[in-house]
Amino acid sequence: KKKLPMWEETVSVEEARKRIDSNQEPYKLEILDSILARDPEAVITIWHTGEVGSDDHWWDLCGGPHMESTGHINPKGLALENVSGAYWRGDEKNKMLQ
């Protein structure tokens, strides 16, 4: 129900690595590496939801584009019907995620 802003930020590979490392997110680091393996000159974009420093702030690697705020999302259009685990990258030899 909140109308959180969504915005894009272009960062260097080094800055992306620094942020991912500071959040201790090895899966995002693997995704960054796979992006660069496909295209060493790839533009790295981070999409933010909410204002930096707020409790509602969240970011992720993403190519976008997105809408300008979460206020454009119809809450009736989303429903969590059940929860299950999944293996990282769909490989049962990898760690199970929730």
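Reading the values: rules and limits
Residues numbered from 1 in each chain as written. Predicted model: local features only at pLDDT ≥ 70, side-chain atom pairs only at ≥ 80, totals over all residues. Heavy atoms only, no water. Helix = DSSP H or I, 4+ residues; strand = E, 2+ residues; numbered from the N terminus. Buried < 20%, exposed > 50% of the residue type's maximum accessible area, 1.4 Å probe, protein only. Areas by Shrake-Rupley, 256 points an atom, 1.4 Å probe, with all protein chains shown as cover. Lys, Arg positive; Asp, Glu negative; His and termini not counted. Charge placed at Lys NZ, Arg CZ, Asp CG, Glu CD. Core = buried A, V, L, I, M, F, W, Y, C linked by side-chain atoms within 4.5 Å. Contact = heavy atoms within 4.5 Å. Axes fitted to C-alpha atoms, helices over the stretch in contact; angles between N-to-C directions. Parallel < 35°, antiparallel > 145°, perpendicular 65-115°, else oblique. Left-handed = near helix turned anticlockwise from the far one by under 90°. Pairing = 2+ DSSP bridges. Phe/Tyr/Trp six-rings, centres within 6.5 Å; stacked < 30°, edge-to-face > 60°. Lys NZ or Arg CZ within 6 Å of the ring centre and 35° of its normal.

(A) Highlighting the overall build of the chain. Helix and strand counts for the chain stand at two helices and five strands. If you list the helices and strands of the chain from N to C, you get β-α-α-β-β-β-β. For the chain, the C-alpha atoms occupy an extent of roughly 35 × 35 × 25 Å along the three principal directions. When burial is assessed residue by residue, the chain has 21% of its 98 residues classed as buried. Carbon and sulfur atoms form 51% of the exposed surface of the chain, whose accessible area is close to 7,600 Å². For the chain, the distance from the average site of its 12 positive side-chain charges to the average site of its 18 negative ones is 6 Å.

(B) The nonpolar core, seen in detail. V11, A16, I20, L32, L36, A42, I44, I46, W59 and L61 form the largest nonpolar core, which has ten residues in total. Secondary-structure elements contributing two or more residues to this core are α1 (13-22), α2 (26-38), β2 (44-49) and β3 (58-61). Setting aside residues up to four positions removed in sequence, W59 forms contacts with R19, I20, N23, K28, I46, W47 and H48.

(C) Spatial organisation of the environment of I46. Tracing the backbone shows I46 in strand β2. Overall, the relative accessible area of 0% leaves I46 in the buried class. A C-alpha to C-alpha distance of 5.5 Å links I46 and D60, two positions 14 residues apart in sequence. With residues up to four places along the chain from it excluded, the contact list for I46 reads W7, E8, E9, V11, R19, W59, D60, L61 and C62.

(D) Region of interest: the packing of α1 against α2. The interhelical angle for the contact between α1 and α2, taken along N-to-C directions, is 160°, at an axis separation of 9 Å. By the angle between their directions, the pair α1 and α2 is classed as roughly antiparallel. Crossing of α1 over α2 shows left-handed handedness. Between α1, through V13, A16, R17, I20 and D21, and α2, the contact on the second element is made entirely by K28, L29, L32, D33 and L36.

(E) Broad picture of the sheet that holds strand β1 (residues 6-11). A sheet is described by the order of its strands in space; here three strands give the open sequence β1-β2-β3, paired in antiparallel fashion. Only two strands of the sheet have a single neighbouring strand rather than two, namely β1 and β3. With strand direction ignored, the average angle separating the axes of adjacent strands in the sheet is 25°. Here β1 pairs with β2 via six bridges, running antiparallel.

(F) Representation of the packing of aromatic side chains in the model. In the structure shown here, the tally under the stated rule is one aromatic pair. Between the aromatic rings of Y27 and W88, the centroid separation amounts to 4.4 Å while the plane-to-plane angle is 45°, which identifies the pairing as tilted. A residue pair is termed long-range when its members are at least 10 positions apart, and Y27 in helix α2 and W88 in the loop between β4 (86-87) and β5 (96-97) qualify at 61 residues. Owing to a relative accessible area of 26%, Y27 belongs among the partly exposed residues under this scheme. Lying over the aromatic face of W59, K28 brings its terminal NZ or CZ to 4.4 Å of the ring centre.

Honestly, that's just the spatial picture; any functional story needs more than this.
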